[in-house]
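# Summary of structural features
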Amino acid sequence: MNELALKYGCNPNQKPSRIYMEDGSDLPVTVLNGKPGYINFLDALNSIQLVKELKTACGLPAAASFKHVSPAGAALGLPLTEVERRMYHIAPETELSPLACAYARARGADRMSSFGDWIALSDICDVPTAKLIQHEVSDGIIAPGYEPEALEILRAKRKGSYNIVQVDPDYEPAALECKQVFGVTFEQGHNNCRIDEALLEKLVTKTTDLPASAKRDLLVALITLKYTQSNSVCYAVDGQAIGVGAGQQSRIHCTRLAGGKADTWHLRQCDKVLNLPFLPQLGRAERDNVIDGYINKNEEDVCAEGIWQKYFQTRPEPLTAEETAAYLAGIDGVALGSDAFFPFSDNIERAHRSGVRYIAQPGGSIRDDAVIDCCDKYGMVMAFTGLRLFHH
């Protein structure tokens, strides 16, 4: 099939809408269920590239959770700890394949942002992964294939309307890509830059100890950034993104946004949060919202009289600023990637507050020396990749 008509474009007033192959060839995607929309396909076609590259670079199954054409999370299929199962709402007896672990991690990076996500899987979707997805609010999924039972599980979502797309695993895009803005056609070479450990060889800091786990996490961060709306910064640890700051005009705002998400991910693991006495009827999404409010002191004080009764069996003790600071002070070994150079050392100062030990960025700022000096002050390891990763 050469083209697929869509209900509308980005918004309901933008009609007609379609995806098609300009060269007359068949589309590399097949809709197995549902009616994916314009933004769904933008998410699908960006996210499938991300997970394919993650698997190539790291040799493990990979998954991504996308919202509005940027990843909320991306991860490799490493086993979950008991604590991670609890923070991702996964029962101890639940069977998890490596691919299911990858999706649990990708979804778990920023569960609030992943609400209603588009899922991408590097491998054929198996039953354990489908059963995880079954219980999450999601718009759709793209994968190179589906086990028969897994496909039936997914088809039952959203009263049978869940969007399921299969991609040709052998498809390669044309060398040149085009898009139009205001009637003007833009053309550029497809961004086929290879992200691997060779990019991490130019270490510019006094400390140069870069263990294999840190290299893996830096690759996760950089590949995630390649498919994130710029400007962007990504924190990663244990083979998964834990904070993505996307689409900010200022680099420090990216670093703060992603750092705040990374801090929240870490704080979800503290005992006070893990042991919150939720009402049994409270669903996953509402629990995630309440946890975010409990940690970050948002618009609603979830511990206040007259409010806590909506969420908890008993009134929980608040997580104090002192407890938060003490917990985060013990975090170390986090990796940080940036899609462009850091223009000021304030980014390093903020990264340090979130336990960052390893950094990869292109370099090339007139203030590189100040940035390097700040890394040296904290004993960080920083690689200059020489590769900008803007994405628009």
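What follows concerns the overall build of the protein chain. Secondary structure assignment for the protein chain yields 12 helices and 15 strands. The C-alpha radius of gyration computed for the protein chain amounts to 21 Å, which stays within 12% of the reference 21 Å derived for 392 residues, consistent with globular compactness. With respect to the three principal axes, the spread of C-alpha positions in the protein chain is 60 × 55 × 40 Å. Taken over 392 residues, the protein chain has a buried fraction of 52%. Within the protein chain, contacts between residues separated by at least 24 positions form 56% of all contacts whose residues are at least 6 apart in sequence. Accessible surface for the protein chain amounts to roughly 18100 Å². Of this, 52% is attributable to carbon and sulfur atoms.

A word on the pairing of strand E15 (residues 381-384). Walk down a regular strand and you will see the side chains alternate between the two sheet faces. Residues Val381 and Ala383 of E15 are buried on one face, and the alternating residues Met382 and Phe384, pointing to the opposite face, are buried as well. Inspection of the sheet shows strand E14 (residues 356-361) paired to E15 by 4 bridges, in the parallel sense. What sits directly across from isoleucine 359, in E15, is methionine 382. The β-α-β motif built from E14, the intervening helix H12 (residues 368-377) and the parallel element E15 has right-handed crossover chirality.

We now examine the pattern of salt bridges. Summed over the entire model, instances satisfying the criterion amount to 23 salt bridges. Linking aspartate 139 and arginine 158 is a salt bridge whose minimum nitrogen-to-oxygen distance equals 3.3 Å. With aspartate 139 in strand E7 (residues 138-143) and arginine 158 in the loop between helix H5 (148-155) and strand E8 (163-167), this pair connects stretches of sequence that are 19 residues apart. By relative accessible area, arginine 158 is classed as partly exposed at 41%. Between arginine 350 and aspartate 263 there is a salt bridge whose closest N-O contact spans 3.2 Å. Of this pair, arginine 350 sits in helix H11 (residues 346-353) while aspartate 263 sits in helix H7 (residues 251-267), placing them 87 residues apart in sequence. Classification of arginine 350 by relative accessible area gives buried; the value is 9%. Taking the relative accessible area as the measure of exposure, aspartate 263 reaches 12% and is therefore buried. One connected set of salt bridges, linked through shared partners, spans Arg107, Arg111, Asp117, Glu136, Arg268, Arg284 and Asp288.

Summarising burial for helix H3 (residues 98-108): 10 of the 11 residues are buried, a large majority. Within the span of H3, buried status applies to Leu99, Ala100, Cys101, Ala102, Tyr103, Ala104, Arg105, Ala106, Arg107 and Gly108.

Our focus in this paragraph is the packing of aromatic side chains. Tallied over the entire structure, the rule returns 2 aromatic pairs. Between the aromatic rings of tyrosine 311 and phenylalanine 312, the centroid separation amounts to 6.3 Å while the plane-to-plane angle is 75°, which identifies the pairing as edge-to-face. We note that tyrosine 311, like phenylalanine 312, is buried. Just above the ring of tyrosine 20 sits the side chain of arginine 18; from NZ or CZ to the centre is 3.8 Å. The ring of tyrosine 162 carries the charged tip of lysine 157 above its face, separated from the ring centre by 5.2 Å.

This part covers the packing of H3 against helix H4 (residues 127-134). Closest axis-to-axis distance for the H3/H4 pair is 7 Å, and the angle between their directions is 25°. Of the possible angle classes, the one that applies to H3 and H4 is roughly parallel. In this structure, H3 crosses over H4, and the sense of that crossing is right-handed. Packed against H3, whose contacting residues are Leu99, Ala100, Tyr103 and Ala104, the element H4 presents Pro128, Thr129, Leu132 and Ile133 at the interface.

Looking along the chain, the bond that leaves lysine 15 and enters proline 16 is cis, with omega of -5°. Of note, proline 16 is situated in the loop between strand E1 (3-6) and strand E2 (17-20). Cis geometry marks the peptide bond from serine 230 to asparagine 231, where omega comes out at -10°. Checked against the element boundaries, asparagine 231 lands in the loop between helix H6 (212-226) and strand E11 (232-237). The backbone of histidine 68 shows a phi angle near 50°, a positive value even though the residue is not glycine. Looking at the element boundaries, histidine 68 is found in the loop between strand E4 (62-67) and strand E5 (70-76).

Two cysteines whose sulfur atoms are joined by a covalent bond form what is called a disulfide. Under the defined criterion, the tally for this structure stands at 0 disulfides. Cysteine 193 takes part in no disulfide bond, and the closest cysteine sulfur to it belongs to cysteine 58, at a distance of 15 Å. With relative accessibility at 17%, the residue cysteine 193 sits in the buried group. Cysteine 303 carries a free sulfur, and the closest cysteine sulfur to it, the one in cysteine 270, is 12 Å from it. Among the residues examined, cysteine 303 registers a relative accessible area of 6% and is labelled buried.

What follows covers the nonpolar core. Counting residues in each nonpolar core, the largest one holds 50 residues, and the members touching the most others are Tyr235, Tyr294, Phe312, Leu336, Ile348 and Ile359. Excluding anything up to four places from it in sequence, phenylalanine 312 contacts Leu276, Pro277, Phe278, Leu279, Val290 and Val302.

What follows deals with H12. Taken together, the buried positions of H12 are Asp368, Val371, Ile372, Cys374 and Cys375. The buried residues of H12 occupy one face: seen down the axis, they fall within an arc of 160°. When the buried face of H12 is taken as reference, the exposed residues oriented beyond 90 degrees from it are Asp369 and Lys377. In this fold, the buried residues of H12 make contact with H11, E14 and E15.

Calculation rules
Residues numbered from 1 in each chain as written. Predicted model: local features only at pLDDT ≥ 70, side-chain atom pairs only at ≥ 80, totals over all residues. Heavy atoms only, no water. Helix = DSSP H or I, 4+ residues; strand = E, 2+ residues; numbered from the N terminus. Rg over C-alpha atoms; globule rule 2.2 N^0.38 Å. Buried < 20%, exposed > 50% of the residue type's maximum accessible area, 1.4 Å probe, protein only. Contact = heavy atoms within 4.5 Å. Areas by Shrake-Rupley, 256 points an atom, 1.4 Å probe, with all protein chains shown as cover. Pairing = 2+ DSSP bridges. Right-handed = clockwise from strand over helix to strand, strands pointing away. Salt bridge = Lys/Arg side-chain N within 4 Å of Asp/Glu carboxyl O. Phe/Tyr/Trp six-rings, centres within 6.5 Å; stacked < 30°, edge-to-face > 60°. Lys NZ or Arg CZ within 6 Å of the ring centre and 35° of its normal. Axes fitted to C-alpha atoms, helices over the stretch in contact; angles between N-to-C directions. Parallel < 35°, antiparallel > 145°, perpendicular 65-115°, else oblique. Left-handed = near helix turned anticlockwise from the far one by under 90°. Disulfide = S-S within 2.5 Å. Core = buried A, V, L, I, M, F, W, Y, C linked by side-chain atoms within 4.5 Å. Arc of directions from axis to C-beta.

Function cannot be read off these values alone, since they describe shape.
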